[in-house]
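Per-entry structural report
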Amino acid sequence: MDLLALVQEGQGALPAAALERIGFEVTGRGARNRTRGDALLAVTHALLVVTVDGEEWLCDAGFGHQGPCEPVPLGRPGADVEQGKWTYRIREEEDGVLVLCLRRGDTWRDLYAFSPQRYHPVDYVVLNHYSSGHPHSSFVGRVVVQRPGDDVRRALVGRELTALHPDGRTERRLVGPDEILTVLDREFGLRLPDREAEELVGMYLAGD
């Protein structure tokens, strides 16, 4: 499988290419997001499985502020995997489906589920087409900015700014047009060129 061809998958393509180049065995998978309650969502998330000395590891650079920042072993279902102040776990379901879970306080929450089926570049073309162009996609028509951190993990989706804490606390508030640029700078370290900043503020104003 030539993962160098996954240019359309962006965040997954670069680590895949780098890992393959230095000699690791890398395969792709497709996952269903489970962070939205009981809704059954399509397979739209791409992730990597890297084999090291015969052991498979989940490597995911693209799930945003809730995703792991380090590899997670796949062959140890139920084992806690601590990454700084955050703890992950792989849970196994029927038919070999694996679920990546994140502990929030005293509760384990599913992030996404994926099967052992290997994905190929042509599969990611379909995933990417939906994510980047379908009107029901979470990434179409609104701002999505995410930043993982050890003490707090932040996300700005549309107008809602969310802060997740390792102890399970979640803080949410709305961001208005008059503060969007300040929030991007202060919370995410992003400073836009003048023209793009003006367009973004204009988009927020148009929604009022």
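Attention here is on the structure that accompanies the text.

Rules of the game
Residues numbered from 1 in each chain as written. Predicted model: local features only at pLDDT ≥ 70, side-chain atom pairs only at ≥ 80, totals over all residues. Heavy atoms only, no water. Axes fitted to C-alpha atoms, helices over the stretch in contact; angles between N-to-C directions. Helix = DSSP H or I, 4+ residues; strand = E, 2+ residues; numbered from the N terminus. Parallel < 35°, antiparallel > 145°, perpendicular 65-115°, else oblique. Contact = heavy atoms within 4.5 Å. Nonpolar A, V, L, I, M, F, W, Y, C, P; charged D, E, K, R; others polar. Pairing = 2+ DSSP bridges.

With that settled, the discussion passes to the packing of helix α3 (residues 180–188) against helix α4 (residues 194–206). Relative to each other, α3 and α4 sit at 120 degrees, their axes nearing to 9 Å. Viewed along their axes, α3 and α4 adopt a mutual orientation that is oblique. Residue-level contacts link Ile180, Leu181 and Leu184 of α3 to Ala197, Leu200, Val201 and Tyr204 of α4. Classifying every residue of the contact of α3 with α4 by side-chain character gives seven nonpolar, no polar and no charged.

Turning next to the sheet that holds strand β10 (residues 153–157). The antiparallel open sheet is built from four strands, whose spatial order is β9-β10-β11-β12. Two strands close off the open sheet at either side, each with one partner strand: β9 (144–147) and β12 (170–174). Ignoring which end each strand starts from, the neighbouring axes of this sheet average 10 degrees apart. Bridge count for β10 against strand β11 (residues 160–164) is five bridges, and the pairing is antiparallel. Along β11, the bridge assignment pairs Arg153 with Leu164.

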